[in-house]
Amino acid sequence: QPAGPVPSDCTSTMNATMTASVSARVPAGIRARANTATRSSAATGPAATAGARPMGSPPFAPRARPAAGLRLVSAPGNSAVGSRARCVETRASSTAAAPNPDASKPADDKVGIFAILRAQLFYLFTFTLALPLFASMVVMFPFVYLTDKYRRNALSFVNDVWATVSTSLFCPIEVVGREHLPSVETPAVYVANHASYLDIYSLFHLRRPFKFISKVSNFIIPIIGWSMYMTGHIALKRTDRKSQMKTLKDCRELLQNDCSVLFFPEGTRSADGTMADFKKGAFSVAAKENALVVPVTLVNCSKVMKNGREWAMRSVPGGIKVVVHPPIRSTNADELCEKSFNTIKETLVQYS
């Protein structure tokens, strides 16, 4: 081995010999592709090979995977630095916003055996109580229909008794702001949030002869549905546009004959207790008839009996509260809708 540096001509000779030896062992097709890649790299310059694999690294190195809970977010311009920064920010925010799944389950989703038993006893009692009351309604109906076709005060009173007695043994219901209620003779549009099967039971505690809107299938339920029909409540086919228009027309006719109506402006029960946007139908009726609108907030109904879990009836401190707000009047349906929505929403937040 020479003690000094290797002459350049010797180095060139050694490189040429090694290249020829390697080339002899590489198939012609692979050599052609390699030569093409070399020429392309030389033509495009260093910028084209900036992302090339370094010498000595394995040809198929495994790609690094993000840790659990880490979501990769591509930054604009495909910048490696930008992607990494966005990735770290996302991981930090995800860690803070995503607690343990077991700890994230709300406490009210846990149903005890006593809640299930309470619900079964409630249904048994309310149905048993409905039997003699229904018999009395059958006797009264012809006379009430002839003398009080629209309000049917006597039949509404039976409804009130049924709901009040049924709930008194299982869940306390308190009416707050009863002084805001219009007189029995004053026609009004009552609007309330809708989140539970117990909403109607709670609203009957107002002791006002209003007529509420319910889907057609409820009217064929034995005893309960037949009682609704005799009392004069309004049947609705939700998917039928003609039925919807007829329902609004019937409500206007009731108001014109000094009878109050009740709407759930959300259109259906809330799935999780969160109040949805209001539909404008109820407020259009009130605006056209220049009738009073009475917002009513139902508090804790969904906590006592959650929508979709009618087989369980929980005991909630303070029970259910029916909060009656001061009546409002306007010929502008949008104004009535906005005021009612805000009033009910704020009260729900206040009691939450």
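Since the model is a prediction, treat every value here as computed from it, not as a measurement. (Residues numbered from 1 in each chain as written. Predicted model: local features only at pLDDT ≥ 70, side-chain atom pairs only at ≥ 80, totals over all residues. Heavy atoms only, no water.)

**Q** Would you mind going over the packing of helix 10 (residues 281-289) against helix 12 (residues 333-351) in detail, with residue names and values included?
**A** Running from N to C, helix 10 and helix 12 point in directions that differ by 125°, and their axes come no closer than 8 Å. When the interaxial angle is binned, helix 10 and helix 12 end up oblique. Here the hand of the crossing between helix 10 and helix 12 comes out right-handed. Of helix 12, the residues touching helix 10 (which contributes Phe283, Ser284, Ala286 and Ala287) are Ala333, Leu336, Cys337 and Ser340. Classifying every residue of the contact of helix 10 with helix 12 by side-chain character gives 6 nonpolar, 2 polar and no charged. (Axes fitted to C-alpha atoms, helices over the stretch in contact; angles between N-to-C directions. Helix = DSSP H or I, 4+ residues; strand = E, 2+ residues; numbered from the N terminus. Parallel < 35°, antiparallel > 145°, perpendicular 65-115°, else oblique. Left-handed = near helix turned anticlockwise from the far one by under 90°. Contact = heavy atoms within 4.5 Å. Nonpolar A, V, L, I, M, F, W, Y, C, P; charged D, E, K, R; others polar.)

**Q** For the sheet that holds strand 5 (residues 261-263), give the residues involved together with the corresponding values.
**A** Spatial strand order, 1-7-6-2-5-3-4: 7 strands in an open sheet with mixed pairing. Either end of the sheet is taken by a strand with one partner, and the two such strands are strand 1 (173-176) and strand 4 (234-236). Looking at each pair of strands side by side, their axes are set apart by 25° on average, direction ignored. Bridge analysis of strand 2 (residues 188-192) against strand 5 gives 3 bridges, and the strand direction is parallel. Bridge pairing in strand 5 links valine 189 to valine 261. Running at roughly 25° to strand 6 (residues 292-299), helix 12 makes contact with strand 1, strand 2, strand 6 and strand 7 (320-324) of the sheet. (Pairing = 2+ DSSP bridges.)

**Q** Explain the pairing of strand 1 residue by residue, including any values.
**A** The alternating pattern of strand 1 places Ile173 and Val175 on a buried face and Glu174 and Val176 on a face that is not buried. Both strand 1 and strand 7 contribute to a ladder of 4 bridges, which runs parallel. By the bridge assignment for strand 7, isoleucine 173 is matched with isoleucine 320. (Buried < 20%, exposed > 50% of the residue type's maximum accessible area, 1.4 Å probe, protein only.)

**Q** Give me helix 6 (residues 153-168): which residues, what numbers.
**A** Helical geometry note: an α-helix holds 3.6 residues per turn, so side chains three or four residues apart project in the same direction. Under the 1.5 Å per step criterion, the end-to-end length of helix 6 is 22 Å for 16 residues, consistent within 8% with the ideal 22 Å. Of the residues making up helix 6, those classed as buried are Leu155, Ser156, Val158, Asn159, Asp160, Trp162, Ala163, Ser166 and Thr167. Buried-residue contacts for helix 6 involve helix 5 (113-147), strand 1, helix 7 (199-203), strand 3 (211-215) and helix 8 (224-231). (Expected span 1.5 Å × (residues − 1).)

**Q** Which residues make up the pattern of salt bridges, and what are the values?
**A** Counted according to the given criterion, the structure contains 6 salt bridges. Across the pair glutamate 174 and lysine 321 runs a salt bridge whose closest N-O atoms are separated by 2.7 Å. One end of the pair, glutamate 174, is in strand 1; the other, lysine 321, is in strand 7, with 147 residues separating them in the sequence. Between glutamate 310 and arginine 269 there is a salt bridge; the shortest N-O distance is 3.0 Å. In this pair, glutamate 310 sits in the loop between helix 11 (301-304) and strand 7 while arginine 269 sits in the loop between strand 5 and helix 10, placing the two residues 41 residues apart along the sequence. Of the residues examined, arginine 269 reaches a relative accessible area of 28% and is grouped as partly exposed. (Salt bridge = Lys/Arg side-chain N within 4 Å of Asp/Glu carboxyl O.)

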